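# Architecture and fold: a report
Chain by chain, the residues:
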Amino acid sequence: MNRWKTPLLSLCFLLLSGAHASARFEPSAGQLRPYQGAILSLSDIHFNPFADPAIVPQLIQAGVENWAGVLDQSADTHISGYREETNYRLLVSTFERMYYTCPFPDFILFSGDLLAHNFRSTFAQFASTGFEEFVGKTLSFISWQLGQFFPSTQVLFTLGNNDAYDVYLIAPDDSFLHNTAAIYYHGYLRESRRYEAAFKATFLQGGQYTIRARAAGLPRVVAINSVFFSASNPWPAAGWRQLEWLRVQLEKARRNRERVWLITHIPPGVDVRSTLQNPDTISRYWDVQHRNRRSQTFLDRFMELSEDFSGEIAGVFSGHTHMDHFRLVLNEKDRATAFVHITPALSPQYGNNPAFQLMSYDAATLDLLDVITYYFNGATWEPEYSFAKAYEQSSYRLHNLHSALYDIYRDEAVRQKFSDYYDVSNPTRIPITDDNWQAYWCGIAALTDVAFEGCYPGGW
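Owing to the predicted nature of the structure, the values given are computational and were not obtained by experimental measurement.

We now examine the confidence of the model for the protein. Overall, the prediction assigns the protein a mean pLDDT of 91, with 91% of residues at 70 or greater. Counted against residues more than four places away or in other chains, residues 1-11, with its pLDDT under 50, gives 31 contacts.

Here is the structure:
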């Protein structure tokens, strides 16, 4: 174990307990455990280099090393608000506050979607050539900007549906994968050339990879590309290869007696918001039309793997929904076999406040101890809530999440917290109401069509 882990997290928690922290969840020094680690979690950046159209021609012409100078000269100095993608000011403000919160995390966990929506069509308004080069420069710039605050910190990432030349349309052995592999490896994973061949051997196939966080004793991350599980992606065979590759990685973890963290962009289950908007059909995040020889959907197979390797999977981390919530994978006996933590988006485009999270974990077991959310309220960054304090749970372990699930159902005060935190405390938007809360509650653990239809309306 690393002898610096305990003082490292103490530093992060000392920052938490300072003048800007909320007294309702200040941790005490006596609660710190030996070898307790800290990471920063971020998702759905959706950086928009087109936010100020006046400077886009300069960005197209400039080398990525000069982008900061061009962006600093922009006359547009506002920070992105609701219904906007992440602009330069929000990006810098976020990285600055992340550094203030925890300057030396064990690593940064990023759950996908670096690029803004409609990237290709927006670029076409400014130029007819150079699109792929501009994508590469955008990815490199985000990495460079993050490196101004975290110069040696690893960013363990997964690809999102917008991390492609055309949304959702990434293909196996895609040109995007070949053109960006070095950017992701050196700019985000920040590894030496020693492991580059092993990384590219799988990343170039479909964006998946596995790597251990750099310092000894930190978790192994297995990143799978769930874009291939989406009905919007036309290469379902690649999805089955992803799941077979995942099975192999989990078997290796079992042989090595190690636990792993899975990171993937699109979570499993029902898209509750879309389902409520079109109640005649259930909207799903993962495709159910394409099945394997055992007539399993991607979700069926993933749930089977989660049960078979429940001892090896320490946690599943995703984004995509832009909201702050979680999911539970249940077996046929309604026993939870895995959790999916969904980090809220930095981009406020869908009505959430921009957010990132500080996670503490037990480095011996890889169990999450707490998740603390920070959000930008339109003027300043501030801590929003601690999961352990808000839900009165001792940790973010599987059985605690199962307990929180039923507390949300039984206790109106707890349910209100879940509703408030879901869109990161946006007072102008209330997605969860007295009329529809049960659908969102069912969506936590009723992941299949049959389970969701049996849960909503009426409850289990």
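Right, let's talk about unusual backbone geometry for a bit. Of note, the amide linkage connecting tyrosine 456 to proline 457 takes the cis form, showing an omega dihedral of -5°. Here proline 457 lies in the segment after helix H16 (449-455).

With that settled, consider the pairing of strand S11 (residues 368-376). Burial runs high along S11: nine of the nine residues are buried. As defined by bridge partners, strand S10 (residues 355-362) adjoins S11 across seven bridges and the pair is classed as antiparallel. Opposite methionine 359, over in S11, you have valine 371 as the bridge partner. Looking at chain direction, S11 and strand S12 (residues 381-386) are connected through five bridges and run antiparallel. Note that in S12 the partner of threonine 373 across the bridge is tyrosine 385. Linking S11 to S12, which pair antiparallel, is a turn of four residues; within it glycine 378 sits at a positive phi near 105°.

Evaluated as defined, the whole model comprises 45 aromatic pairs. Both rings, one in tyrosine 185 and one in phenylalanine 199, keep their centres 5.2 Å apart while their planes meet at 40°; by these two values the pair is tilted. A residue pair is termed long-range when its members are at least 10 positions apart, and tyrosine 185 in helix H7 (residues 175-189) and phenylalanine 199 in helix H8 (residues 196-206) qualify at 14 residues. Between the NZ or CZ atom of arginine 415 and the centre of the ring of tryptophan 437, over which it lies, the distance is 4.0 Å.

With that out of the way, let us pick up the environment of leucine 299. Looking at the element boundaries, leucine 299 is found in helix H11 (residues 298-308). With a relative accessible area of 9%, leucine 299 lands in the buried category. Excluding residues that lie within four positions of it along the chain, leucine 299 makes contacts with Pro268, Gly269, Trp286, Leu447 and Thr448.

Conventions adopted
- Residues numbered from 1 in each chain as written.
- Predicted model: local features only at pLDDT ≥ 70, side-chain atom pairs only at ≥ 80, totals over all residues.
- Heavy atoms only, no water.
- pLDDT = per-residue confidence, 0-100.
- Contact = heavy atoms within 4.5 Å.
- Helix = DSSP H or I, 4+ residues; strand = E, 2+ residues; numbered from the N terminus.
- Buried < 20%, exposed > 50% of the residue type's maximum accessible area, 1.4 Å probe, protein only.
- Pairing = 2+ DSSP bridges.
- Phe/Tyr/Trp six-rings, centres within 6.5 Å; stacked < 30°, edge-to-face > 60°.
- Lys NZ or Arg CZ within 6 Å of the ring centre and 35° of its normal.

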